[in-house]
Amino acid sequence: MKRIKYIFLVSIFALTFANAQSTSDTNFRKPVSETLKKIETLFNVTINDDRGLLKGKELDYADWRIEPGNLALSLTNILAPFELMYFKQPDGTYIIRKYENHKVSVDKGKERLFYLESLYSTKEEWEKRKTELKACMIESFGLDKAPPTPKSKPLLTPKRIYKDYSVENIALEILPGVYATGSIYKPYPLNKKATVILTPDGHFGDGRYRKDEQYRCAMMAKMGAIVVGYDLFAWGESLLQFPEETHRNSIASTVQVLTGIRFLDYLATVKNADMTRVGVTGGSGGGSHTMFLASN
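A few points on the structure. (Residues numbered from 1 in each chain as written. Predicted model: local features only at pLDDT ≥ 70, side-chain atom pairs only at ≥ 80, totals over all residues. Heavy atoms only, no water.)

Before going further, it helps to examine the pattern of salt bridges. Counting across every chain of the model gives 19 salt bridges. Here Arg-129 makes a salt bridge to Glu-132, at a shortest N to O gap of 3.5 Å. Here Arg-129 pairs with Glu-132, and both are found in helix 5 (residues 123-141), just 3 residues apart, close to one helical turn. For Arg-129, a relative accessible area of 33% gives the class partly exposed. The partly exposed category is assigned to Glu-132, whose relative accessible area is 36%. (Salt bridge = Lys/Arg side-chain N within 4 Å of Asp/Glu carboxyl O. Helix = DSSP H or I, 4+ residues; strand = E, 2+ residues; numbered from the N terminus. Buried < 20%, exposed > 50% of the residue type's maximum accessible area, 1.4 Å probe, protein only.)

Bringing the packing of aromatic side chains into the picture now. Using the criterion set out here, one finds 10 aromatic pairs in the structure. Centroid distance Phe-28 to Trp-64: 5.0 Å. Interplanar angle 35°. Geometry classified as tilted. Taken together, the residues span a long stretch of sequence, with Phe-28 in the loop between helix 1 (2-18) and strand 1 (30-31) and Trp-64 in the loop between strand 3 (58-59) and helix 3 (71-79) at a distance of 36 residues. Taking relative accessible area as the criterion, Trp-64 reaches 56% and is therefore assigned exposed. Ring geometry for Tyr-120 against Trp-126: centres 5.4 Å apart, planes inclined by 65°, an arrangement best described as edge-to-face. Of the aromatic side chains, those joined through ring pairs into one cluster are Phe-28, Tyr-61 and Trp-64. (Phe/Tyr/Trp six-rings, centres within 6.5 Å; stacked < 30°, edge-to-face > 60°.)

The structure is reproduced here in structure tokens:
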């Protein structure tokens, strides 16, 4: 009898151990990767954790978070506790990425644009909203508290002459002791009024010195524009003044918007710069600052 009792207890312990990942004792805890495999089967999709972000991650009531018939909610339920998100790729697969507030899927982006489009039905309504947004951005960036522009003259390198355009590097003091660095491309010879174009640099290797950026600025100069390509704060040549980690500080965006404004103020003093025709264009981080400058 004791032997039977012993065998029974051993069997119970073995069974409990074998199911340790899926019992109420462990809150039905499972590896996230296993639950995502179940989602792949249920919804007939492929989920790719190509960066190994799910490695070692487990979740209480993991399978319970699957919502029948709702793939988007199921994935969100599983990934959100780890500050992860998913993106649907053009081939239909889903990739796992760390949460980034500025990145959304194409579908989510469309939803947001349609929502914004629904807010204004007339030009007058939009103009009213535009005024509110501009005031809000100036306050949020702290531009209304920025000190006056320093009186120092910009530091300019000797002008380099090429076929139909010229280039000179510039360091412009935008705050006391803080310099913005860039390159000014001009038509050569510059003997008539020229459009002004700012090109804030983005998060690219080699910064504003990368080949395609130089080609782009040079081409616009050859077409008749005065072009200023400049670095982000604590990025590119700005690293000569500030360590890279300061680029992630909240003040970085304020300094970068102010940089664009200060460059426009400087260009207003340049001979033949037509300040009635001003454009801004940039990619990545330069894209966001294109929008910030346009709104200010």
